[in-house]
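Residues per chain are reported as follows:
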Amino acid sequence: MSEEWVRIAAPATTSNIGAGFDTFGLAMSEPCDIIEGRKIDSGFVITEVSGPGSDNIPTDPKVNSVSIAAAQVLKRCDAEFGIELRIKKGIRPCSGMGSSGASAAGGAFLANIMCEEKLNSTQMILCAAHAEDVISGGLHADNVSPCILGGFTVIRSYEPFDVVRIEPPRNLGMVVALPDLMVATSDARKVLPREVSVRDLVFHVGNASTLVYGMMTGDLKAIGRSVKDAVFEPARTKLVPHLKEAEKEAVSAGALVSFMGGSGPCIMSFYDADTDLGAAIAERVKAVYTDNGMGCDTWITKPGVGCKRI
Ligand code: HSE
């Protein structure tokens, strides 16, 4: 058996992005999880889980996103080996930054390299989405899709699975602010309404379509005015203290738009990287939390290429 370690960087992603609940996703260039693996005779062994929030990440391969996704890949490829894993988290769990998605996508991507890249991107996404389903209490592939494909992704359909990738504008700046609190996706899904009105459906279709137009044409103003959510973020606002104030501060500091990242609690702001550095946005959102006695980490980042071997 080969002893060679394979090393993957799996990036943070933001999902929903206004009107695209469970359908839109965007890969960031950083932060990333680093996932390392090497072949063993059989089964899975997780010998390291380190980094922010890693105390709560299970080392039991049956309930760990990385190994669940990797096991799906080995099964589909009829592989006759197992994998020893080392997981170095750069994205803390329960952040809304696609932490479990990065682990799942990274696990699938890693295992596929070990299987001589027998699976295509869609098959890898499905393996990773299976892990998301097991871990987060609902099948959603809006984090794992951009994590595998990079850029901005739209899931047209789950059954049959159909995803398209769009190259986002090169000057789309992103500021992520992560207050010092945890929101589990499974909990954030429990507060969602079961049904939506025709009025909200119309509002979402119009905004979602215009966001795709903005991503495809590089029209940042169209992106700024179409990241709108009448259904999901309103239901979840109570889970993230000071959310609306933080969003307002980001916009008054120059953001095109500011919104709850994924299922929260992170706050995502888009800005024009040709005319702004994003630093004032990061400072002002952080101040909302520090003024209220809470810690808040920030990243100034941009769209990224998805999982890669390093
Ligand atoms: N679309 C999912 C949700 C993403 O909002 O529940 C979770 O990261």
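See the structure printed just above.
None of these values were measured; they are calculated from a predicted model.

(A) Looking closely at the pairing of strand β5 (residues 152–157). Among the six residues that make up β5, five are buried, leaving the element largely enclosed by the rest of the structure. The pairing of β5 with strand β6 (residues 162–166) spans five bridges and is antiparallel. Residue pairing for β6: V154 is matched across the bridge by V164. Hairpin connection of β5 to β6: four residues between the antiparallel strands.

(B) Main features of helix α6 (residues 198–217). Compared with the 28 Å implied by 1.5 Å per residue over 20 residues, the 29 Å span of α6 between its first and last C-alpha is a close match. For α6, every residue scored as buried is listed here: H204, N207, A208, L211, V212, G214 and M215. Seen end-on, α6 carries its buried residues on one side only, within an arc spanning 160 degrees. Opposite the buried face of α6, at more than 90 degrees from it, the exposed residues are V198, R199, V202 and M216. At the C-terminal side of α6, G218 shows a positive phi close to 80 degrees.

(C) Inspection of the environment of L149 at higher detail. Examined against the element boundaries, L149 turns out to sit in helix α4 (residues 144–149). For L149, the contacting residues outside a window of four places in its chain are S121, I125, V163, R165 and V305.

(D) How the structure looks around the side chain of N64. Mapped onto the elements of the fold, N64 is located in the loop between β3 (44–50) and α1 (65–76). Residue N64 is classed as buried on the basis of its relative accessible area of 2%. At 2.8 Å, the side chain of N64 forms a polar contact with the backbone oxygen of P58.

(E) Main features of unusual backbone geometry. With an omega of 0 degrees, the peptide bond running from E30 to P31 counts as cis. For P31, the position within the fold is in strand β2 (residues 20–40). Cis geometry marks the peptide bond from G264 to P265; its omega dihedral reads 10 degrees. Among the secondary structure elements, P265 is positioned in the loop between β8 (257–260) and β9 (267–272). We note that I17 has phi near 50 degrees; this positive angle belongs to a residue other than glycine.

(F) Broad picture of the site of the ligand. Every residue close to the ligand is listed here: S15, N16, F21, D22, H140, D142, N143, T185, R189, R236 and S263. At 2.6 Å from a nitrogen atom of the ligand is found a side-chain nitrogen or oxygen belonging to D142. Within the contact set of the ligand, an oxygen atom lies 2.7 Å away from a side-chain nitrogen or oxygen of R189. For the ligand, whose free accessible area comes to 260 Å², the fraction covered by protein is 97%. Breaking the shell around the ligand down by element, the ones donating at least two residues are β1 (6–16), β2 and α5 (185–190). Class assignment for the residues of the shell around the ligand results in one nonpolar, six polar and four charged.

(G) How the structure looks around the packing of aromatic side chains. One pass over the full model with this rule turns up four aromatic pairs. Their ring planes at 55 degrees and their centres at 5.2 Å tell us that F24 and F152 sit as a pair that is tilted. Note that F24 is positioned in strand β2 and F152 in strand β5, a separation of 128 residues in sequence. For the pair F259 and F270, a centre-to-centre distance of 5.2 Å together with 75 degrees between the ring planes defines the contact as edge-to-face. A residue pair is termed long-range when its members are at least 10 positions apart, and F259 in strand β8 and F270 in strand β9 qualify at eleven residues. The pair F259 / F270 is uniform in exposure class, with both members buried. Lying across the ring of F81, K39 places its NZ or CZ 4.5 Å from the centre.

Each value, and the rule that gives it
Residues numbered from 1 in each chain as written. Predicted model: local features only at pLDDT ≥ 70, side-chain atom pairs only at ≥ 80, totals over all residues. Heavy atoms only, no water. Buried < 20%, exposed > 50% of the residue type's maximum accessible area, 1.4 Å probe, protein only. Helix = DSSP H or I, 4+ residues; strand = E, 2+ residues; numbered from the N terminus. Pairing = 2+ DSSP bridges. Expected span 1.5 Å × (residues − 1). Arc of directions from axis to C-beta. Contact = heavy atoms within 4.5 Å. Polar contact = N/O pair within 3.5 Å; in protein donor to acceptor, adjacent residues only side chain to side chain. Near = heavy atom within 4 Å. Areas by Shrake-Rupley, 256 points an atom, 1.4 Å probe, with all protein chains shown as cover. Nonpolar A, V, L, I, M, F, W, Y, C, P; charged D, E, K, R; others polar. Phe/Tyr/Trp six-rings, centres within 6.5 Å; stacked < 30°, edge-to-face > 60°. Lys NZ or Arg CZ within 6 Å of the ring centre and 35° of its normal.

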